[in-house]
Amino acid sequence: MSAPDFATVTADDLVTGEGVALDLPAASLGLRLASGVIDVLVTIVSFVVLYIVLVVTALQLRDEAAVGAAVVLATIVALLGVPTTVETLTRGRSIGKLALGLRTVRDDGGAISFHHALVRALIGVVEIYFLSGAPAFFAVMLSSRGKRLGDYAAGTYVVRDRVPLRLPPPPEMPPPLAAWARRTDLAALPTGTALAVRQFLNRVGTLDPLSRDRVARTLLADVLPHVAPAPPPGAPPEMVLVAVVAERRRRDLERLRRDEALRTRLLERAPQVPRSGR
């Protein structure tokens, strides 16, 4: 096992500033099919309701052209308007996704916009309704992220929104290295290195002693160019890595507290604008 094994970031991972990879698991084929069936039923109901309302209104005008326009309008609103509006307002949740705990997100994990929802709905009309869903089924089955053609066009995919997020507890500062860490100049670690160190420290208990020591030394070699002065001679590599991560976290927390205190003082000293009397 080598250090790069710990730095691997999968396609469904987002990396936080502390080098923690957050997993956004893609929805399975079964969940996509179930949510799709619910959404199709909602679309059919929407179309029937709109069709009845608009066609009855058009019939009162005794105009055949108005009846045809009402049918076209009901179709457009049911197939495009309703799903686009719902996914935009709910930031990626259709009725079916809401029922099954799913959400549509961008490829980078962010919330979708009106543009993404509209593109997905437009492609969905062709692949789901005109072609009976066959292209969507095979695309989801073959994609590692469960993407249908609309997802490829919009740059989105569907994730399980009800997966609990559990972050490992932060490492504690080793007392023998506390004084060294406090006076050390710590530069920001590259994302891959920070992630590799975090993953290693979270998995040390699963490694055999030889692999544990070898990986710790490899990671320390990547970290040392960003640390000055060097750790005390003879300090265990694993302990040095823990000290670097713990000190970086302590400094980040102190910086956030200073920023919050400064913001509070500025708000307290802000002049009060007198209200004009009448």
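As shown above, the structure is provided for reference.
One structure accompanies this document, and this report is about it. (Residues numbered from 1 in each chain as written. Predicted model: local features only at pLDDT ≥ 70, side-chain atom pairs only at ≥ 80, totals over all residues. Heavy atoms only, no water.)

**Some points on the overall build of the protein chain**
Tallying secondary structure elements over the protein chain gives 10 helices and 6 strands in all. With 278 residues in all, the protein chain has 33% of them scored as buried. Contacts in the protein chain between residues far apart in sequence, at least 24 positions, make up 71% of those at least 6 positions apart. A total of about 16500 Å² of accessible surface is found on the protein chain, and carbon and sulfur atoms cover 64% of it. (Helix = DSSP H or I, 4+ residues; strand = E, 2+ residues; numbered from the N terminus. Buried < 20%, exposed > 50% of the residue type's maximum accessible area, 1.4 Å probe, protein only. Contact = heavy atoms within 4.5 Å. Areas by Shrake-Rupley, 256 points an atom, 1.4 Å probe, with all protein chains shown as cover.)

**Details of the pattern of salt bridges**
Using the criterion set out here, one finds 15 salt bridges in the structure. Between glutamate 127 and arginine 148 there is a salt bridge, and its shortest N-O distance comes to 2.3 Å. Residue glutamate 127 is found in helix H4 (residues 114-130), and its partner arginine 148 is found in the loop between helix H5 (134-142) and helix H6 (149-154); the two are separated by 21 residues along the sequence. Assessed through its relative accessible area of 1%, glutamate 127 is described here as buried. Notably, a salt bridge pairs arginine 217 with aspartate 213, separated by 2.9 Å at the nearest N-O pair. Remark: aspartate 213 and arginine 217 occur in helix H9 (residues 209-223); sequence separation between them is 4 residues, near one turn of the helix. Taken together, the shared-partner salt bridges in this structure form one network comprising Arg32, Glu87, Lys97, Arg120 and Asp151. (Salt bridge = Lys/Arg side-chain N within 4 Å of Asp/Glu carboxyl O.)

**Structural notes on the packing of helix H2 (residues 64-89) against H4**
For the pair H2 and H4, interaxial distance at closest approach is 9 Å and the crossing angle is 140 degrees. Viewed along their axes, H2 and H4 adopt a mutual orientation that is oblique. Classified by chirality, the crossing of H4 by H2 is right-handed. In this structure, H2 uses Leu79, Leu80, Pro83, Thr84, Glu87 and Thr88 to contact H4, whose residues at the interface are Phe114, Ala117, Leu118, Arg120, Ala121, Leu122, Val125 and Tyr129. Per-class residue counts for the contact of H2 with H4 are 10 nonpolar, 2 polar and 2 charged. (Axes fitted to C-alpha atoms, helices over the stretch in contact; angles between N-to-C directions. Parallel < 35°, antiparallel > 145°, perpendicular 65-115°, else oblique. Left-handed = near helix turned anticlockwise from the far one by under 90°. Nonpolar A, V, L, I, M, F, W, Y, C, P; charged D, E, K, R; others polar.)

**Considerations on the packing of aromatic side chains**
Inspection of the entire model under this criterion finds 2 aromatic pairs. Seen from their ring centres, phenylalanine 137 and phenylalanine 138 are 5.3 Å apart, and the 80 degrees between their planes marks the pair as edge-to-face. Assessed through its relative accessible area of 31%, phenylalanine 137 is described here as partly exposed. Of the residues examined, phenylalanine 138 reaches a relative accessible area of 46% and is grouped as partly exposed. Positioned above the aromatic ring of tyrosine 157 is the side chain of arginine 145, whose terminal nitrogen or guanidinium carbon lies 4.1 Å from the ring centre. The ring of tyrosine 152 has lysine 147 sitting right over it, with the charged end atom 5.4 Å from the ring centre. (Phe/Tyr/Trp six-rings, centres within 6.5 Å; stacked < 30°, edge-to-face > 60°. Lys NZ or Arg CZ within 6 Å of the ring centre and 35° of its normal.)

**A few points about the side chain of threonine 43**
Mapped onto the elements of the fold, threonine 43 is located in helix H1 (residues 29-60). Other than its neighbours up to four places away in sequence, threonine 43 contacts Ala78, Leu79 and Tyr129.

**A closer look at a nonpolar patch on the surface**
Taken together, the side chains of Val37, Leu41, Ile44, Phe47, Val48, Tyr51, Ile52 and Val56 make up a nonpolar region of the molecular surface, amounting to roughly 680 Å² of accessible area. Within the element layout of this structure, valine 48 appears in helix H1. (Patch = residues over 30% accessible without salt bridge, like charges linked within 9 Å, V, L, I, M, F, W, Y side chains within 5 Å.)

**Quick look at unusual backbone geometry**
Going from alanine 228 to proline 229, the amide bond is cis rather than trans, its omega being -5 degrees. By the secondary structure assignment, proline 229 is in the loop between strand S6 (227-228) and helix H10 (237-269). Non-glycine residue arginine 91 carries a positive phi angle of around 60 degrees. Note on arginine 91: relative accessible area 49%, which makes it partly exposed.

**Some words on H1**
Since there are 3.6 residues in each turn of an α-helix, residues three or four apart along the chain are aligned in direction. Across its 32 residues, H1 extends 46 Å between first and last C-alpha, which sits within 8% of the 46 Å expected from 1.5 Å per residue. Among all positions of H1, only Arg32, Ser35, Asp39, Thr43, Ser46, Val55 and Ala58 are buried. Remark: arginine 62 follows H1 within two positions and exhibits a positive phi of approximately 55 degrees. (Expected span 1.5 Å × (residues − 1).)

**What about the pairing of strand S3 (residues 102-106)?**
Of all 5 residues in S3, 4 are buried; the element is thus mostly enclosed. Pairing analysis gives 5 bridges linking S3 to strand S4 (residues 156-160), with the strands arranged antiparallel. Opposite arginine 106, over in S4, you have threonine 156 as the bridge partner. (Pairing = 2+ DSSP bridges.)

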